[in-house]
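Next come the chains, spelled out residue by residue.
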Amino acid sequence: MRRRRSVTLTAACSLMLVYSLLPLVWLLINATKTQDGLLSSFGLWFADDFAFLGNVADTFTYDGGIFTRWLLNTLFYVVAGAGGATLLAALAGYGLAKFDFPGRRAVFAVVLGAVAVPGTALAVPTFLMFSGLGLTNTPWAIIVPSLVSPFGLYLMWNFAGDSVPDELLESARVDGAGELRTFFSIGCPLMAPGAVTVLLFNVVATWNNYFLPLIMLKDPDWYPLTLGLKSWNQQATTAGGEAVFNLVITGSLLTIVPLIAAFLLLQRFWQSGLNAGGVKE
C-alpha cells in the first residue's frame, strides 16, 4: 500500500531546508570573492574573480597569523571544556542512576533548576567570582564554566538508568571489579551513544561560545575564533582600521569545517541498542 504524500508537509520541509542551507550557500559563495568583489557583486552569485585559495592563505597569514592562534585556542577550550564536561556528566549521571543515597531527590531538583536557568543570567555572577579569584583574562575563565553541563548531566542520568543493566554491574562486582573499573569497562561502552550526544552538544556550545569570552578575556592572544573574527569585523568601524570582510567570511567558513568533521566522525557511535542481548532474561 503506497503512502499518501502530504503536500503541506513537503512544502514546510522544503522551506525549512532552504532556510537552513541558504546562509551556508551565501557563505560558500562569498568566501570566493575579494574585498572589492564582495562589495560590488550580488550576494548569492559569484564575482568575476575567484579568490577562495587566496582568501584562505590571507586568513592564516593576516596580522601575524593570529587566526591560527585563535583556532588553537578554540580547540584547547573544546578539548578541555567539552571533553571534561562530558566526562563529568557521564560520571555523575551514572552515579545518580545506579546508586541510592540520601538527598538524591534534592540533587534531581537542583539539576532541573540549573537546566532552566539561562547562561546569560549567570554571566555577571560568574565574572565577579572569577574576578575575585584573579582568573579573568586566563584560559581558566573559559574552561571551568564550560565543565558545568546540567543538561548533559540530566541526559546521562536518564540514559544510564535505561542502558546499563543492574545485573551486569552486580556480575562485575561479584567477580571482584571495583566501582571505577566497573564504570569504565561496562558502564562507558553501554553509555557511549548518550555520551557522544552530550559530547556533540558540548562541542558545539563551546566552539560557538561568544558571550563568556567577551566578558572574560581582554588579551587577543587568548581569544577563541568567535571573538577573534568579531574583532576583525569591527576594524572597519574604527579610525584608520582596515576592512577585511572577505577574511571574516572566509574565516567563518573555516570555523564550521571542524564541527562538520566532528559530526561525521562521531556519527557511527551515535546509535542505540548497544546493550541488546547483554542480559539474558
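This is a predicted model, so every value here is computed, not measured. (Residues numbered from 1 in each chain as written. Predicted model: local features only at pLDDT ≥ 70, side-chain atom pairs only at ≥ 80, totals over all residues. Heavy atoms only, no water.)

**Section: the pattern of salt bridges**
Here the idea is simple: oppositely charged side chains can pair when their charged atoms come close. Scanning the entire structure with this criterion turns up three salt bridges. Among the salt bridges present, the one from E170 reaches R173, with a minimum N-O distance of 3.2 Å. Taken as a pair, E170 and R173 lie in helix α9 (residues 166-174) at a separation of three residues, close to a single helical turn. With relative accessibility at 25%, the residue R173 sits in the partly exposed group. Between E179 and R173 there is a salt bridge; the shortest N-O distance is 3.1 Å. The partly exposed category is assigned to E179, whose relative accessible area is 38%. The structure contains a network of salt bridges with shared partners spanning E170, R173 and E179. (Salt bridge = Lys/Arg side-chain N within 4 Å of Asp/Glu carboxyl O. Helix = DSSP H or I, 4+ residues; strand = E, 2+ residues; numbered from the N terminus. Buried < 20%, exposed > 50% of the residue type's maximum accessible area, 1.4 Å probe, protein only.)

**A look at the packing of aromatic side chains**
Taken as a whole and judged by the stated rule, the model has 12 aromatic pairs. Considering the side-chain rings of F151 and F201, the 5.6 Å spacing of their centres and the 85° angle between planes classify their relative orientation as edge-to-face. Here F201 lies in helix α11 (residues 192-207) and F151 lies in helix α8 (residues 150-163), a separation of 50 residues in the sequence. (Phe/Tyr/Trp six-rings, centres within 6.5 Å; stacked < 30°, edge-to-face > 60°.)

**Points about helix α1 (residues 7-30)**
Compared with an ideal rise of 1.5 Å per residue, which puts 24 residues at 34 Å, α1 spans 34 Å between its outermost C-alpha atoms and is within 8% of the ideal. Buried residues of α1: L27, I29 and N30, and no others. Elements that come into contact with the buried residues of α1 comprise α2 (35-40) and α14 (245-266). (Expected span 1.5 Å × (residues − 1). Contact = heavy atoms within 4.5 Å.)

**Here's the deal with the side chain of S163**
One can find S163 in helix α8. At 2.7 Å, the side chain of S163 and the backbone oxygen of F159 are in polar contact. (Polar contact = N/O pair within 3.5 Å; in protein donor to acceptor, adjacent residues only side chain to side chain.)

**A few points about unusual backbone geometry**
Where the residue is not glycine, phi is negative for most of them; where a peptide bond is considered, it is trans in most cases. In this structure, D63 takes a positive phi of about 55° despite not being glycine. Looking at the secondary structure, you find D63 in the loop between α3 (52-61) and α4 (66-98). Here D63 falls in the exposed class, since its relative accessible area comes to 53%. Its identity is not glycine, yet N137 carries a phi of approximately 60°, on the positive side. By the element assignment, N137 lies in the loop between α6 (123-133) and α7 (140-146).

**A look at the nonpolar core**
Membership of the largest hydrophobic core comes to 26 residues, with the highest contact counts inside it found for F67, W70, I142, M216, L217 and W232. For this core, the elements supplying multiple residues, two or more each, are α4, α7, α11, α12 (211-216), α13 (225-234) and α14. The element that contributes the greatest number of residues to this core is α4, accounting for six residues. Counting 20 residues, the second-largest nonpolar core is a separate cluster that includes A89, A90, A97 and A177. (Core = buried A, V, L, I, M, F, W, Y, C linked by side-chain atoms within 4.5 Å.)

**Let's talk about the side chain of N55**
The residue N55 is located in helix α3 in this model. For N55, a relative accessible area of 2% gives the class buried. A polar side-chain atom of N55 sits 2.9 Å from the main-chain carbonyl oxygen of A31. If sequence neighbours within four positions are ignored, N55 has contacts with A31, T32, K33, N246, L247 and T250.

**Here we look at the confidence of the model for the protein chain**
Per-residue confidence for the protein chain gives a mean pLDDT of 88; residues scoring 70 or more make up 93%. In the model of the protein chain, helix α5 (residues 104-116) stands out as the element of lowest mean pLDDT, 85, in contrast to α4, which has the highest, 95. Every residue in residues 272-281 is under pLDDT 50, and counting partners more than four places away or in other chains gives 12 contacts. (pLDDT = per-residue confidence, 0-100.)

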